[in-house]
Structure formats: C-alpha cells, structure tokens
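Each chain, letter by letter, is given below.
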Amino acid sequence: MLLLLAVLLLLEVLLLPLTLQADLRHQGSTKVRVMLKYAFLRHTWPSANQSPGEKRLHRGSKLFTALRESAEARRFFLRHIHLDRLDALLLLRAGDAAATSLLTGSLRGLLCCIPQLHRRHIRIRVQPDFFRPHSTIQLHCIIRLTLGTLLLTILRLLAFRLRQKARTAYGTSHW
C-alpha cells in the first residue's frame, strides 16, 4: 500500500504542469525576464541590460547543443511541450523607407502561412518604424510542459550521447 502511494505521488509530481514565461525586449540593448511556475513554487530570473556585442556563457549550452544534435530527443521534446501564448511585436527599421516597407510586407505575407489551428495561441504584429535608428522586438511567450517530459528528454539525450561514444570507440564514427 505504501509503495502504491509512493508511485502515485511520484506520478503526480512528474505530471504537474510546469509553466515557463519569457519576456524579451530588444531596443538597442536586450532585456530578458524568465519566470518559472511549478505547483506553488514561483521563481523569476531578471537579467540586466545586455549590449549587442556582449557575449554570455550559459550553463545549459551543452544540453542545448545535444538537443540540437539529437533529432529523436528534439522531436520528442517538441511534441510534448504546449505553447499557451506567443505575443510578438516587431517594429522594423531597414536602411531606407522603401526597404523597410518591402521587408514589413514580406514578413506579413509569411505570417499568413501560420495554420489556423495555431493562430489562437500566436499573435505576431509586424509594423514599419521609419524614425528609430534600429529595429525593436518585444516578445512574450508562455510554454507549458511537465517534469516527466524533461526527464524523458534528458534520458533520450543521455542514450544518444552513449550511442555516439560507442560509435567513436569502435571506429565507426564515419557513419
């Protein structure tokens, strides 16, 4: 009976929704704020202004590189995350008014290719901005997933890494 309760508690913890909210604003410098909500826990990571030339090292860069390399894990992860909301405002500025207008019109045409199924969650506005010296992007995104999805994705990435090491150990890395 105790084992059954432990298994049910573990399933509940792994299946509770985890919500990531990201707000990005780029206007000469970049401001990013990330909020994580899980059950009753909430955490916010604000970032200071980051100039365009400044590079920062991220602790998760190896994980993102592995996710980019492993098509199987990437497909699994993308199938199991849910986009609740994506609001974007792009104020475009190209070299001159004609280029700005052409670029704005082209991007608006591409936005029409978004399937109707996804349009209720995605709202992207593209507008020309002739008076600022650079383009501006404002982005608000909410993604929902579960800890179980993260755990299974990490296990798939580990399996991918082990298969890669086995191939290079036996000299079959040319395949």
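Residues numbered from 1 in each chain as written. Predicted model: local features only at pLDDT ≥ 70, side-chain atom pairs only at ≥ 80, totals over all residues. Heavy atoms only, no water.

Engineer: Explanation requested: the overall build of the protein chain in the structure shown.
Structural biologist: Each helix and strand in the protein chain was counted, giving 5 helices and 6 strands. Moving toward the C terminus, one meets the helices and strands of the protein chain in the order α-β-β-β-α-α-β-α-β-β-α. Buried positions account for 20% of the 175 residues belonging to the protein chain. Taking the intrachain contacts of the protein chain between residues at least 6 apart in sequence as the baseline, contacts between residues at least 24 apart amount to 66%. Counting only carbon and sulfur atoms, one obtains 65% of the accessible surface of the protein chain, whose full area is about 13,000 Å². (Helix = DSSP H or I, 4+ residues; strand = E, 2+ residues; numbered from the N terminus. Buried < 20%, exposed > 50% of the residue type's maximum accessible area, 1.4 Å probe, protein only. Contact = heavy atoms within 4.5 Å. Areas by Shrake-Rupley, 256 points an atom, 1.4 Å probe, with all protein chains shown as cover.)

Engineer: Quick question: what am I supposed to make of the pairing of strand β6 (residues 136-146) here?
Structural biologist: For a regular strand, the rule is simple: side chains alternate between the two faces of the sheet. Pairing between strand β1 (residues 17-27) and β6: 10 bridges, direction antiparallel. Counterpart to Asp23 in the pairing with β6 is His140. Pairing of strand β4 (residues 82-92) with β6 involves 9 bridges; the strand directions are antiparallel. Directly across from Leu89, in β6, lies its bridge partner Gln138. (Pairing = 2+ DSSP bridges.)

Engineer: What is the right way to read the side chain of Thr146 from this model?
Structural biologist: By the secondary structure assignment, Thr146 is in strand β6. Setting aside anything within four residues of it in sequence, one finds Thr146 in contact with Leu14, Leu15, Leu16, Pro17 and Leu18.

Engineer: Could you clarify how one ought to interpret the sheet that holds strand β5 (residues 122-128) in this entry?
Structural biologist: Either a parallel or an antiparallel arrangement is found when strands of a sheet pair, and the pairing is made through backbone hydrogen bonds. On the basis of which strands lie adjacent, the open sheet formed by 6 strands has the order β3-β2-β1-β6-β4-β5 and mixed pairing. Two strands close off the open sheet at either side, each with one partner strand: β3 (41-46) and β5. On average, each strand axis in the sheet is tilted by 10 degrees relative to the strand beside it, whichever way the strands run. Lying on the sheet, helix α5 (residues 147-169) is in contact with β1, β2 (29-38) and β6; it crosses β6 at an angle near 90 degrees. (Axes fitted to C-alpha atoms, helices over the stretch in contact; angles between N-to-C directions.)

Engineer: Would you take a moment to explain the side chain of Gln21 for this structure?
Structural biologist: By secondary structure assignment, the location of Gln21 is in strand β1. Setting aside chain neighbours within four positions, we find Gln21 in contact with Arg33, Val34, Met35, Lys37, His140, Cys141 and Ile142.

Engineer: What's the story with the nonpolar core in this structure? I'm lost.
Structural biologist: When a protein is soluble and globular, its nonpolar side chains tend to lie buried together. With 8 residues, the main nonpolar core is built from Leu18, Tyr38, Ala66, Leu67, Ala73, Phe77, Leu145 and Leu157. Those elements giving two or more residues to this core turn out to be α2 (61-69) and α3 (71-80). Beyond its immediate chain neighbours, meaning those up to four positions away, Leu157 contacts Leu63, Ala66, Leu67, Ser70 and Ala73. (Core = buried A, V, L, I, M, F, W, Y, C linked by side-chain atoms within 4.5 Å.)

Engineer: Sorry if this is basic, but what is going on with unusual backbone geometry here?
Structural biologist: Within the chain, Ala39 stands out as a residue other than glycine whose phi angle is a positive 55 degrees. Of note, Ala39 is situated in the loop between β2 and β3. Relative accessible area serves as the criterion here: at 49%, Ala39 is assigned to the partly exposed category.

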